[in-house]
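A look at the structure
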Amino acid sequence: MFKKIFSTIAGFLGLKNEKAEFSITKEIEIKPSNQSITKTGTKKRKERVNDKSREEYKKRHEKIVISKALPKQEEVTLIEDNWDSSVFQIPVSEGKTRFTDLDLPNSVLHAVYDLGFKYCTDVQAQSLPNSLKGQDITAQAQTGTGKTAAFLITVFTHLINKPLTEKRKHGTPRALILAPTRELAMQIEKDARLLGKYLPFSLISVVGGIDYKKQQNSLHNGYADILIATPGRLIDFLDKKLISLASVEILVIDEADRMLDMGFLPSVRQIVLSTPPKVKRQTMFFTATMTFDVKNLAESWTRKAFDVAIKPEEKTIDTVEQITYITTVDEKRTLLYNLVIKKNFDRVLVFANRRDEARLLKDTFTAYGISCALLSGEVDQDQRIKRLEAFRNGKIRILVATDVAARGIHVDAITHVINYNIPQDIEEYIHRIGRTGRAGASGIAISFADEDSSYELMKLEELLGKKFDCIYPEEDLLTPIPEQFSKIKPQKSITSVKRSFKGNDNRNKRKKRPVRKGNTGKKEGEEKKE
């Protein structure tokens, strides 16, 4: 009571009483003009008055935490590379283009030398002389033809030849590389770090499914000279204003046909519209197939582009030895086991048409004591990355995959690709065998033609314009699997076990239902009367 009287008197006299705020249960508003006091019916004046300021403080605090998560990155300056390019001596070869024939910056040529590249692949030889001049490129080329190096060399050369003269904001890349899948985007980043290891340019990958907060912090704190992204995650960050594409100088769209197949066309269109007009940027457009829709997109997003077309059959015939074994469904597993063991296959990629068959193959070879892993759509992203790395490092001998992962596998030195089932789509066949014989290296692709899938060979022969040489396997390749392995039954996966439990439950329920003996054709009521 006395405190209320004291606070009222203090208000009239213009005095401040800090302790009075503690016990006041009704809001008191002091107007400096006439120093009048107004009482309202709300409780806890300080909480209501300061709600807005608390929210502002919370946002400021979050910004401070994010800014401290990563060190501030400053604009980089080009480091002089004193490497002597005269050590990069390559003999002249008729019909081949040497990397030394191209006017490449010393830092880029140094990285090319370290990677052991000597002669350009077909797509590189046709595209680089034009893209290095700033011309747009439209290229039809399969994965494994060296197209990644073609556009990365172009991007690095462009950034070197056109250094920045003014500061820019965070999250404003100069080059944007779009890829349809996380695996492909991560592989592009890996190749970019190898080709750009003597360059100071910063790379940031923005891909879905992993490291959301880490990517957000990198964009908030760092300068992204080159941004490698998948459409979904990039759209997310664009909506949150964490990325601005207004300063993109060179745009690369990789595997455009795959983006259309995956339903990314609206997102890709939004992304392209967020970049400068095509007259103010250089665009490189890559696709494995050139359909009517893909061609229209290429024409609308490029300007006077130089066309490159590497036919798929040229690539597969020249670099991959293709063997087709005539076998049966029952003999396939034995044939595959003997090929891996007796031929001593080191790094094998096996493709199956269905998930359940791929899972069964993985479990079977694991039971045989052969290091094996599964890569399919049901495997989460973290496990996919770990298994690919283990396969790349040689820790896994056999990788069983479905077509959903066909374009996401970029592993060098795959010795053999085996089509356990012949694919129904010619494009999938090309992408499968394209996992071996990459970038001009030799490889072997083996297909099993059984009674269920041999008819697919005729379609492939017609579309490829090439006849397959089908042979019967040698007798030693059909040697029965050792007894200690042949009796082993692969363990069921958790999913299949759950399904079996559900099936047993349903069967038990069905058993509890009354079952009639014989079919008398009488109604239930009539049976009861009898």
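Scope of this entry: the structure provided in the associated data block. (Residues numbered from 1 in each chain as written. Predicted model: local features only at pLDDT ≥ 70, side-chain atom pairs only at ≥ 80, totals over all residues. Heavy atoms only, no water.)

Put simply, helix H15 (residues 332-342) and helix H16 (residues 355-367) touch, their axes get as near as 12 Å, and they point 50° apart. Between H15 and H16, the angle is such that the two are oblique. The hand of the H15/H16 crossing is right-handed. Only Glu 357, Leu 361, Thr 364 and Phe 365 of H16 make contact with H15, whose side of the interface consists of Lys 332, Arg 333, Leu 336 and Tyr 337. Partitioning the contact of H15 with H16 into residue classes produces 4 nonpolar, 1 polar and 3 charged. (Axes fitted to C-alpha atoms, helices over the stretch in contact; angles between N-to-C directions. Helix = DSSP H or I, 4+ residues; strand = E, 2+ residues; numbered from the N terminus. Parallel < 35°, antiparallel > 145°, perpendicular 65-115°, else oblique. Left-handed = near helix turned anticlockwise from the far one by under 90°. Contact = heavy atoms within 4.5 Å. Nonpolar A, V, L, I, M, F, W, Y, C, P; charged D, E, K, R; others polar.)

Attention now moves to the sheet that holds strand S3 (residues 137-140). Across the sheet, 7 strands lie side by side as S5-S6-S4-S7-S8-S3-S9; this open sheet has parallel pairing. Strand pairing shows two members of the sheet lacking a second neighbour, strand S5 (203-206) and strand S9 (306-309), which therefore form its edges. Averaged over all pairs of adjacent strands, the angle between strand axes in this sheet comes to 10°, irrespective of strand direction. Here S3 pairs with strand S8 (residues 282-287) via 4 bridges, running parallel. Residue Ala 139 lies in a different strand from S8, and its bridge partner there is Phe 286. Its contacts with the sheet place helix H8 (residues 182-195) against strand S4 (175-178), S5 and strand S6 (226-229), and it is angled at close to 175° to S5. Taken strand by strand, helix H9 (residues 212-221) contacts S5 and S6, and its axis lies near 140° from that of S5. (Pairing = 2+ DSSP bridges.)

For sheets, the rule is that strands pair by backbone hydrogen bonds, running either parallel or antiparallel. Spatial ordering of the open sheet is given by S12-S13-S11-S14-S15-S10-S16, a layout of 7 strands whose pairing is parallel. Unpaired on one side and paired on the other, strand S12 (372-375) and strand S16 (470-471) mark the two borders of the sheet. Bridge count between strand S11 (residues 348-351) and strand S13 (residues 398-401): 4 bridges; the pairing is parallel. Counted as the bridge partner of Leu 349 is Leu 399 from S13. Across the sheet, H15 touches strand S10 (320-326), S11, S13, strand S14 (416-419) and strand S15 (443-449), and the angle it forms with S15 is around 160°.

Taking burial as the measure, the 11 residues of H15 include 8 buried ones, the bulk of the element. Residues of H15 that are buried: Lys 332, Thr 334, Leu 335, Leu 336, Tyr 337, Asn 338, Leu 339 and Val 340. Just downstream of H15 lies Asn 344, where phi reads positive at about 55°. (Buried < 20%, exposed > 50% of the residue type's maximum accessible area, 1.4 Å probe, protein only.)

In this section: a negative patch on the surface. Together, Asp 330, Glu 331, Glu 451 and Asp 452 make up a region of like negative charge exposed at the surface. You can see Glu 331 is positioned in the loop between S10 and H15. (Patch = residues over 30% accessible without salt bridge, like charges linked within 9 Å, V, L, I, M, F, W, Y side chains within 5 Å. Areas by Shrake-Rupley, 256 points an atom, 1.4 Å probe, with all protein chains shown as cover. Salt bridge = Lys/Arg side-chain N within 4 Å of Asp/Glu carboxyl O. Lys, Arg positive; Asp, Glu negative; His and termini not counted. Charge placed at Lys NZ, Arg CZ, Asp CG, Glu CD.)

What follows is about the environment of Gln 282. For Gln 282, the location among the structural elements is in strand S8. When the C-alpha atoms of Gln 282 and Gln 135 are compared, they prove to be 6.6 Å apart, with 147 residues separating the residues in sequence. Residues contacting Gln 282, with those up to four places away along its chain left out, are Ser 131, Gly 134, Gln 135, Asp 136, Thr 154, His 158, Glu 249, Ile 250 and Leu 251.

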